Amino acid sequence: MKLLAKSLRTRLISYFSLLSLATVSTVGCLTFLGARVVIKRLVFDRLRVSAQLKEQALNLWVENQKEATIAIAQLSTLREEIDALIQNDRAQPTNESNHPESSGLNSGLLQSIATERAYERVARSLTSALASRPELGEVYILDKVGGRVVFSTNKDQEGDYRLKDTYFQEGLQQTYVQPVYPSPINNRPTITVATPIVNPQDQVVAVMAVNLSLDQLERIVRESVSLGDSAASYLVDRYNSLVSSDRLGQTEYPRGLHSLGIDSALAGQTDGKLYPNYAGDPVIGYFLWLETLEVALLVETNQTEAFRPARYLAWGIFGIGTVSVLCVTGGVYWLSTQVVRPIVAIKDAAIQVAQGDLEQMAPVMTQDEVGILAQAFNQMTQRLQELYAGLEEKVLQLETAEKSLRQSLKDLEIEQARSEQLLLNTLPQSIAYRLKSGVRNIADSYDNVTVLFADLVMFTQLSERLPPQALVTLLNKIFSVFDQLSEQYNLEKIKTIGDAYMVVGGLPEPHPHHAQAIAAFALDILATVNQLDMQFDESLNIRIGIHSGSVVAGVIGIKKFTYDLWGDTVNLAARMESQGVAGRIQVTAETYELLREQFVFEERGTVEVKGKAPMKTYFLVGRQVNVD
């Protein structure tokens, strides 16, 4: 991949080779597919012709066996002896009152001798007739009365009755061929030809039945028609059994054979298709239904063998094409060298120029597009030389200007950070962001907040006694701790007025536990003042007032922004502080209801509040202690 990325010559050769191989492969594939279609059509035609020839041969064979059976049934010896042959079976016992016992015995003996003589003559005549007809298998004669077998080439069958067999019933009327059926004797596929036997008086007295040998039938079916080594032809009866004399080497005749061809032929269809045969091998097959024998004839050949010429043709084209591509690639390599050589020269010159050698020129080797490219490159190099002369001074000027600009931007960022920090120190963060985004009139209403006022007691007297520096240091120490606690409890410090501190919980972002946070804050700042009192050895004390309710909050001012609260809640919180007790935290009943489950209170009683009716107030003492 690195060689392809770096070498134009390699890319040209590779692209040509890939394109050529793709073309050869495509041609090979298309040739294979086209040849496959043609071969399939040719094979279908040959299979169809083969099947039709086999059908004709089978019909002719059946017709010949039918005529041979008729000829045997008309043998003079058989006609002359048929009455004597069957007479013994029909003889009834005689009446002893009409004939003496000796006379009856003589008559029966004579009749038995005549029957044996007729049996022997019939046997010799049939043996002689069957000697030249190997396709005729078992031959037997059935008495018209009862269908009893009076003669058979298989003596084990003599004496059986075939009254209900189809060939016997039909054979009494005319010559009849019973199509393939499973023999009741051995359950093998059987074809039987039956014809009536008449005596010299032209009376039908018996039926001759011949079971045809399947060897000749199978030879006709299996006869090759130049379809290849894998070609196969076979018959399947309506019971899905293979009609075969040798049973394909199996103990029993195969049964339950199924394939697309078999099932379609048994359904009466005639067609040729590609499908897996009953053994699962892919074949090209032609199938039809033989009405005469009531069997399906299938002629099949293996797809691999059938399409082998198409594969050979495709591989031949691919092989020849590949060799041709390799040969042509050598010529392409030489041509690409001639094409790439001036380009490589321009590349080398460009590398030198890129490394700083602006005096480098590209050789003009041709007058084509590559030569024009070399001339343009040289002109560009000359232009670069002219531009480079004054470029360094301009670069120095730009670098100086850039340094000055960066310093200005840095100073601006510092001032902007200071401004934002001052704004955040003055206003809540969310309010500050709203002011920065362009909102000028900020006024919000809050329904549930808690306001706290805290005032240092006797701080005025303390300020008269302490130096200014010490006083400010002490006050800053106290309020710094207050500020840290307000951040800890997520409270919003509103302002400080002298020695007074105002904080609120529940705004600017609503807080469901605003009252609890203010209460915890109040207890902590009370403890803080007590600790600082001992630390500074000063008389420090604090008075705290708390009330919960609704307020209006907003920003006022133009030059110096102030975030402040208004409303009755603010006034009541201020009254709770101003009318409170030093060292105690006084809360209204509204705040008490919000906190009484988590904190401990001490009821103060009713207090006269300026501008209000007497109010019941409480002192916040501490937190509830859970005792398990």
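See the structure above.
A brief report on the enclosed structure follows. (Residues numbered from 1 in each chain as written. Predicted model: local features only at pLDDT ≥ 70, side-chain atom pairs only at ≥ 80, totals over all residues. Heavy atoms only, no water.)

## A short note on the overall build of the protein
Inference 1: Looking only at helices and strands, the protein has 16 helices and 18 strands in total.
Inference 2: In the protein, which comprises 628 residues, the proportion classed as buried is 40%.
Inference 3: Contacts in the protein between residues at least 24 apart in sequence constitute 61% of all its contacts with a sequence separation of at least 6.
Inference 4: Of the roughly 35600 Å² that the protein leaves accessible, carbon and sulfur atoms contribute 54%. (Helix = DSSP H or I, 4+ residues; strand = E, 2+ residues; numbered from the N terminus. Buried < 20%, exposed > 50% of the residue type's maximum accessible area, 1.4 Å probe, protein only. Contact = heavy atoms within 4.5 Å. Areas by Shrake-Rupley, 256 points an atom, 1.4 Å probe, with all protein chains shown as cover.)

## Quick look at the sheet that holds strand E3 (residues 176-182)
One key point about sheets: their strands pair by backbone hydrogen bonds, in either a parallel or an antiparallel sense.
Inference 1: Strand order across the open sheet formed by five strands is E2-E1-E5-E4-E3, with antiparallel pairing between neighbours. Edge positions in the sheet fall to strand E2 (149-152) and E3, since each of these pairs with one other strand and no more. Each strand of the sheet is rotated relative to its neighbour by a mean of 25 degrees, with strand direction disregarded.
Inference 2: Sheet topology note: the strand E4 (residues 189-198)/strand E5 (residues 204-212) ladder contains seven bridges and is antiparallel. Its bridge partner being in E5, Ile 197 is matched across the sheet by Ala 206. (Pairing = 2+ DSSP bridges. Axes fitted to C-alpha atoms, helices over the stretch in contact; angles between N-to-C directions.)

## Examining the pattern of salt bridges
Inference 1: The full count for this structure, using the stated rule, is 16 salt bridges.
Inference 2: Glu 603 is the salt-bridge partner of Lys 616, the closest N and O atoms lying 3.2 Å from each other. Taken together, the positions of Lys 616 in strand E18 (residues 615-623) and Glu 603 in strand E17 (residues 599-607) put the pair 13 residues apart, joining distant regions of the chain.
Inference 3: Accessibility expressed as a relative area gives 39% for Lys 616, which makes it partly exposed. (Salt bridge = Lys/Arg side-chain N within 4 Å of Asp/Glu carboxyl O.)

## With respect to the environment of Ala 231
Inference 1: Within the secondary structure, Ala 231 is located in the loop between helix H6 (214-222) and strand E6 (232-237).
Inference 2: Residue classification places Ala 231 among the partly exposed residues on the basis of a relative accessible area of 28%.
Inference 3: In this structure, the C-alpha to C-alpha distance between Ala 231 and Val 283, residues 52 residues apart in sequence, is 9.1 Å.
Inference 4: Setting aside anything within four residues of it in sequence, one finds Ala 231 in contact with Glu 300 and Thr 301.

## Brief notes about a nonpolar patch on the surface
Inference 1: A surface patch of nonpolar side chains, about 260 Å² in accessible area, is lined by Met 380, Leu 384 and Leu 387.
Inference 2: With respect to the helices, strands and loops of the structure, Met 380 is situated in helix H10 (residues 369-426).
Inference 3: Among the residues examined, Met 380 registers a relative accessible area of 43% and is labelled partly exposed. (Patch = residues over 30% accessible without salt bridge, like charges linked within 9 Å, V, L, I, M, F, W, Y side chains within 5 Å.)

## Looking at the nonpolar core
Inference 1: In this structure, Leu 85, Ile 141, Met 208, Leu 217 and Leu 235 are the most contacted members of the largest nonpolar core, which totals 54 residues.
Inference 2: Every residue in contact with Leu 85, bar those within four places of it in the chain, is listed here: Thr 115, Ala 118, Tyr 119, Val 122, Ile 141, Val 150 and Phe 151. (Core = buried A, V, L, I, M, F, W, Y, C linked by side-chain atoms within 4.5 Å.)

## Observations concerning the pairing of strand E12 (residues 492-497)
Inference 1: Judged from the five bridges that link them, E12 and strand E13 (residues 500-505) form a sheet pairing that is antiparallel. The residue of E13 that forms the bridge with Glu 492 is Val 504.
Inference 2: The turn joining E12 and E13, which pair antiparallel and follow one another in sequence, is formed by two residues; a positive phi near 65 degrees is taken by Gly 498.

## Structural notes on the packing of aromatic side chains
Inference 1: Under the definition given, this model contains 11 aromatic pairs.
Inference 2: Here the aromatic rings of Tyr 592 and Tyr 618 are separated by 3.9 Å at their centres, their planes lie at 5 degrees, and the arrangement is stacked. With Tyr 592 in helix H16 (residues 589-595) and Tyr 618 in strand E18, this pair connects stretches of sequence that are 26 residues apart. Of the two residues, Tyr 592 and Tyr 618, neither departs from the other in class, the shared state being buried.
Inference 3: Taken together, Phe 479, Phe 482, Tyr 501 and Phe 521 form an aromatic cluster joined through their ring pairs.
Inference 4: Above the face of the Tyr 140 ring, Arg 162 is positioned so that its terminal group lies 5.2 Å from the ring centre.
Inference 5: Positioned above the aromatic ring of Phe 619, the side-chain terminus of Arg 584 is 4.3 Å from the ring centre. (Phe/Tyr/Trp six-rings, centres within 6.5 Å; stacked < 30°, edge-to-face > 60°. Lys NZ or Arg CZ within 6 Å of the ring centre and 35° of its normal.)

## Observations regarding the pairing of E6
Inference 1: Across the six residues that make up E6, a large majority, five, are buried.
Inference 2: Pairing analysis gives six bridges linking E6 to strand E10 (residues 295-302), with the strands arranged antiparallel. Its bridge partner being in E10, Ala 232 is matched across the sheet by Glu 300.
Inference 3: Inspection of the sheet shows E6 paired to strand E7 (residues 242-243) by two bridges, in the antiparallel sense. Paired with Val 236 across the strands is Leu 242, a residue of E7.
Inference 4: Hairpin connection, E6 to E7: the antiparallel pair is bridged by four residues, and Asn 240 has positive phi, about 60 degrees.

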